[in-house]
Amino acid sequence: SGGVERVLYLDGTGITRAFAAADSIVGVGAWDKILVFVNSTKYGGCGGAVGVSSLHPNSDEIQIHEFGHSFAGLADEYDYGLDSTNCVETPLPNVDCGLHLPNVKWSAWVKPGTPLPTPPTVDFANVVGAFEGGLYQARGVYRPMLDCKMRTLGAPFCPVCQEAHVLKLFERMDLVGMATPAVATV
């Protein structure tokens, strides 16, 4: 898709079929997210309404990455070497155009004294900052950490991406099932 050979995705018919299959197997609307594995060992995947990945030896890592897109609304943090600085502001929580540096979207995670932009060196490997490169562009787009699951398979999600997952969980569940005394009497 889109000229990228490893992009595996479901078109509208495929998504409809995936929803119908999930409804018939676990019940109408009883599922939260659907993940599809394509019967191929060729590396590939894609997020979206349905997360898709191949049965590549790294399929578990691919699917976790794609789930980051499908569930938490995360962007890819890698680049294709594109040298464009044509970044458009996006609601995706883990990329920023840097138009307002040092006020990146994840400023609450940045410790005082961290340089913004943040140098991509080993000294800052475990620091939340603003590392250039992401959303397929080498320049003009910033990501929270030097590495993250949304950049490299096998890496953990960075704190900003972890937070995005937790916030999505909070949208889907009640944190308090019952409280005593009733709110009116507090």
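Check the entry above for the structure.
An account of the accompanying structure is given in this report. (Residues numbered from 1 in each chain as written. Predicted model: local features only at pLDDT ≥ 70, side-chain atom pairs only at ≥ 80, totals over all residues. Heavy atoms only, no water.)

Remarks on unusual backbone geometry
Among all residues except glycine, the phi angle is most often negative; among peptide bonds, the trans geometry is most common.
Consideration 1: Residue P117 follows L116 across a cis peptide bond; omega there is 0°.
Consideration 2: Position of P117 among the secondary structure elements: in the loop between β4 (79-82) and β5 (131-134).
Consideration 3: Here L135, not a glycine, exhibits a phi torsion of approximately 50°, which is positive.
Consideration 4: Within the fold, L135 resides in the loop between β5 and β6 (136-143).
Consideration 5: Overall, L135 belongs to the partly exposed group, its relative accessible area being 24%.
Consideration 6: With a phi angle near 75°, Y136 is a residue other than glycine that sits in the positive phi range.
Consideration 7: Tracing the sequence through the fold places Y136 in strand β6. (Helix = DSSP H or I, 4+ residues; strand = E, 2+ residues; numbered from the N terminus. Buried < 20%, exposed > 50% of the residue type's maximum accessible area, 1.4 Å probe, protein only.)

Re the sheet that holds β4
Consideration 1: Pairing in this open sheet of 3 strands is mixed, and the strands run β4-β6-β5 from one edge to the other. Across the chains shown, the open sheet's two edge strands, defined by having one partner strand only, are β4 and β5. Pairwise comparison of adjacent strand axes, ignoring direction, gives a mean angle of 55° for this sheet.
Consideration 2: With 3 bridges connecting them, β5 and β6 associate as antiparallel partners. Of the residues in β6, the one forming a bridge with F131 is R143. (Pairing = 2+ DSSP bridges. Axes fitted to C-alpha atoms, helices over the stretch in contact; angles between N-to-C directions.)

What about the environment of P93?
Consideration 1: Mapping P93 onto the fold places it in the loop between β4 and β5.
Consideration 2: Relative accessible area serves as the criterion here: at 27%, P93 is assigned to the partly exposed category.
Consideration 3: Counting along the chain gives 17 residues from P93 to V110, while the straight-line C-alpha distance between them is 14 Å.

Considerations on helix α3 (residues 159-172)
Each α-helix turn comprises 3.6 residues. Residues three or four places apart therefore point the same way.
Consideration 1: Its 14 residues give α3 an end-to-end C-alpha distance of 20 Å, which sits within 8% of 20 Å, the value for a rise of 1.5 Å per residue.
Consideration 2: Those residues of α3 lying buried are V160, C161, A164 and H165. Angularly, the buried residues of α3 cover 150° about the axis, an arc narrow enough to put them on a single face. (Expected span 1.5 Å × (residues − 1). Arc of directions from axis to C-beta.)

Side note on the sheet that holds strand β1 (residues 35-38)
Consideration 1: A sheet is described by the order of its strands in space; here 3 strands give the open sequence β1-β3-β2, paired in mixed fashion. For this open sheet the edge positions go to β1 and β2 (45-46), each flanked by a neighbour on one side alone.
Consideration 2: Across 4 bridges, the pairing between β1 and strand β3 (residues 51-54) is parallel. Residue F37 lies in a different strand from β3, and its bridge partner there is S53.
Consideration 3: In the packing of helix α2 (residues 59-70) onto the sheet, contacts are made with β1, β2 and β3, and the angle to β3 comes to roughly 160°. (Contact = heavy atoms within 4.5 Å.)

Quick notes on the pairing of β6
Taken residue by residue, a regular strand's side chains alternate between the two faces of the sheet.
Consideration 1: Where β4 lies against β6, 2 bridges are found, and the strand directions are parallel. Looking at β6, one finds that D79 is bridged to Y136.
Consideration 2: Where β5 folds back onto β6 in an antiparallel hairpin, the turn is made up of 1 residue, including L135, whose phi is positive at roughly 50°.

Quick word on the pattern of salt bridges
Consideration 1: For the coordinates displayed, the defined rule picks out 3 salt bridges.
Consideration 2: One salt bridge in this structure joins K149 and E61, with 2.4 Å as the shortest N-O distance. Of the two residues, K149 is situated in the loop between β6 and α3 and E61 in helix α2; the sequence distance between them amounts to 88 residues.
Consideration 3: With relative accessibility at 17%, the residue E61 sits in the buried group.
Consideration 4: A salt bridge links E171 to K168, with the shortest nitrogen-to-oxygen separation between them at 3.6 Å. Of this pair, E171 and K168 both sit in helix α3, 3 residues apart, roughly one helical turn. (Salt bridge = Lys/Arg side-chain N within 4 Å of Asp/Glu carboxyl O.)

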